[in-house]
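Topology and contacts: notes
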Amino acid sequence: MKKRKLTALIMSAIMGAMLFTGCGSSQSEATDEASTQPAAESSEEASVEEAAETDETVTEAADTEETAQADGPVLASIKEAGKLVVGTASGYPPYEFIDITSPDQAVVGIDMELAKKIAEELGVELEIQDMTFTSLISSIPTHKVDMAIAGISITEERKETMDFSEPYLEAAQKILILKENAEKYNTLESFSGEAVAAEKSTTQEAVAQELMADSPLVSLEKVPDCLMELQNGKVAGVVVEGIVGEQYVFAYDNIVFSDADMERSKTSAVALDKGNEDLIAIINKVIAENVENGNFDKWVEEYSEKAAANAKE
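Looking at an unreviewed UniProt entry, one finds the protein named Transporter substrate-binding domain-containing protein, with Kineothrix sedimenti as its source organism. According to its UniProt record, the protein has this under Sequence similarities (unreviewed entry): "Belongs to the bacterial solute-binding protein 3 family." The annotation that UniProt attaches to the protein under Subcellular location (unreviewed entry) is "Cell envelope".

See below:
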C-alpha cells in the first residue's frame, strides 16, 4: 500500500515538472517572437526611410547639376538650330566689307574671321546677316541675331541694353582729309565751321559731336559714303578709327590722315543680349586664344591690304 502511494507521488512530481517545462518553453518562444517582430518591423521602416532620403539626395543633386549645366537662352537657341547667326555691317573695312573679287560677293574681314572661330568653338554652322550699323544695334535686344560683330565699341549707353565680350582690338580715332588740305586742317580747331562726316550711330559720330561741336556733322550709313562726300568736296574730313582709315590711305593717293589729335581711342568687342554669361565666356576664350597666337595682328594686315586692293577695283 505504501509502495503504491510512493509511486503515485513520484508520477505526480514528474508530470508537474514536465508541465512546468512545457509552459516555460512556450513562454520563451512567445517572448522571443514578440521581441523579434518589432525589431524586424523597425529595420524595414528604417530601410524605407533611408531609401527615401537617398532618392531625395540623388534628385537634389541631379537638379543642382542640371541647373549648373543649363544653357543661357542664346546658347540654347544656337545649339538647337545648329547654327550661329552673326549680324554685321559691311562697309567698315578691314573689319567687315564685301569682297567684290569673290564670286558670291561674300562679307569678309577681321570680324568675320572671329565669327568663324566662335562658330568652330561651338561646333555649329555660321550664318552672316549684313545690315546697316543702326539696324544692327537694334537687332540685338530684339533677338534678330545671336550676336553682333562689327567693330562695336563698349559705351555706357549700349551697356543698358546689351552685354559685351572682352575687347579684341584697340584703335585711335583719326580724321581723313584730302592730301591737298594737309596744312589747312592740322588741328581740331582748324575744322571749325567746316562740315565733317562720320558713320551713323557709331563711336566716331559721338566723338565728332563731342570734340568738333563747331563743325556741322554729316551722318551717313557707311564709311564709303562718307569718303565719297570727301572726294566730292562736300565735307572737310571724315572721322574714322585708325585701322579703318589706313586702307583708304593705301587705296587713294589723294587721301591722308590729318595731324589733328582726336585724343580718343576705341576698343572693339562682341555684343549680345543680356543674360548670356555662358556664351560670353566662350567668346572670351576664343578672343584670348587668337590674341595670344597673333591671329588678330595677321587679320588686320591681311584685310587692310585686301580692302585697299578692293577699293582700287
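Looking now at empty space enclosed by the protein. Rolling a probe over the atoms, with the probe sized like a water molecule, indicates the empty space that remains. Counted according to the given criterion, the structure contains 1 cavity of 30 Å³ or more. In this structure, the largest cavity encloses a volume near 80 Å³. Around the largest cavity, the lining comprises 14 residues; the ones closest to its centre are Tyr-92, Phe-133, Ala-150, Gly-151 and Thr-202. Looking at the lining of the largest cavity, the elements with two or more residues in it are β5 (147-153) and α5 (203-211). Per-element tally for the lining of the largest cavity: the top contributor is β5, with 4 residues. Of the residues that constitute the lining of the largest cavity, the class distribution is 5 nonpolar, 5 polar and 4 charged.

The next thing to look at is the layout of surface pockets. The space that makes up the largest pocket amounts to roughly 420 Å³. Around the largest pocket sit 19 residues that line it, and Pro-224, Tyr-248, Tyr-252, Asn-310 and Ala-311 are the ones nearest its centre. Counting residues per element, the ones that place at least two in the lining of the largest pocket are β2 (97-98), α6 (223-231), α7 (242-251) and α9 (295-311). A per-class count over the lining of the largest pocket returns 11 nonpolar, 5 polar and 3 charged. Counted as a void, the second largest pocket has a volume near 240 Å³. Looking at the second largest pocket, the residues that line it are Ile-137, Thr-155, Glu-157, Arg-158, Ser-201, Thr-202, Thr-203, Glu-205 and Ala-206.

Another point: the packing of aromatic side chains. Each aromatic ring pair is described using two quantities: the centre-to-centre distance and the angle formed by the ring planes. In this structure the tally under the stated criterion is 5 aromatic pairs. Taking 5.4 Å as the distance between ring centres and 25° as the angle between the ring planes, the aromatic pair formed by Tyr-92 and Tyr-95 counts as stacked. Given the relative accessible area of 0%, Tyr-95 is considered buried. Taking 5.1 Å as the distance between ring centres and 75° as the angle between the ring planes, the aromatic pair formed by Phe-296 and Trp-299 counts as edge-to-face. Highlighted residues: Phe-296 and Trp-299, both in helix α9, separated by 3 residues, approximately one helical turn. Given a relative accessible area of 3%, Phe-296 falls into the buried group. On the basis of relative accessible area, Trp-299 is assigned to the buried category, the value being 3%. Taken together, the ring pairs in this structure connect Tyr-168, Phe-296 and Trp-299 into an aromatic cluster. The ring of Phe-257 has Lys-174 sitting right over it, with the charged end atom 4.6 Å from the ring centre. Positioned above the aromatic ring of Tyr-95, the side-chain terminus of Lys-266 is 5.2 Å from the ring centre.

Parameters and conventions
- Sequence positions are assigned chain by chain, starting from 1 and proceeding in written order.
- With pLDDT at 70 or above as the cut-off, local features in this predicted model cover only qualifying residues; side-chain atom pairs require 80 or more to be listed or tallied, and sums for whole chains, interfaces and linings still use all residues.
- Where side-chain values are given, they derive from all heavy atoms of the structure, hydrogens and water being excluded.
- UniProt positions are given in the numbering used here, feature names are shortened, and annotations may be inferred rather than shown by experiment.
- Cavity and pocket criteria rest on a 1 Å grid covering protein atoms alone: a 1.4 Å probe that fits but cannot get out defines a cavity, protein on both sides within 12 Å along at least 5 of 7 lines defines an open pocket, and an atom within 4 Å of a point defines a lining residue.
- Grid points are joined across faces, edges and corners, and a volume is the space filled by probe spheres set on the points.
- Numbering goes from the N terminus for both helices and strands, where a helix is a DSSP run of H or I of at least four residues and a strand is a run of E of at least two.
- Each residue is assigned to one of three groups, with Ala, Val, Leu, Ile, Met, Phe, Trp, Tyr, Cys and Pro labelled nonpolar, Asp, Glu, Lys and Arg labelled charged, and all others, Gly among them, labelled polar.
- Only the six-membered ring of Trp is used, alongside the rings of Phe and Tyr, when aromatic pairs are assigned; centres must lie within 6.5 Å, and planes under 30 degrees apart are stacked while those over 60 apart are edge-to-face, with the rest tilted.
- Exposed residues in this analysis have more than 50% of their type's maximum accessible area, buried residues have under 20%, and partly exposed residues fall in between, with area computed by a 1.4 Å probe over protein chains only.
- Geometrically, a lysine NZ or arginine CZ counts as sitting over a ring once it is within 6 Å of the ring centre and also within 35 degrees of the ring normal.

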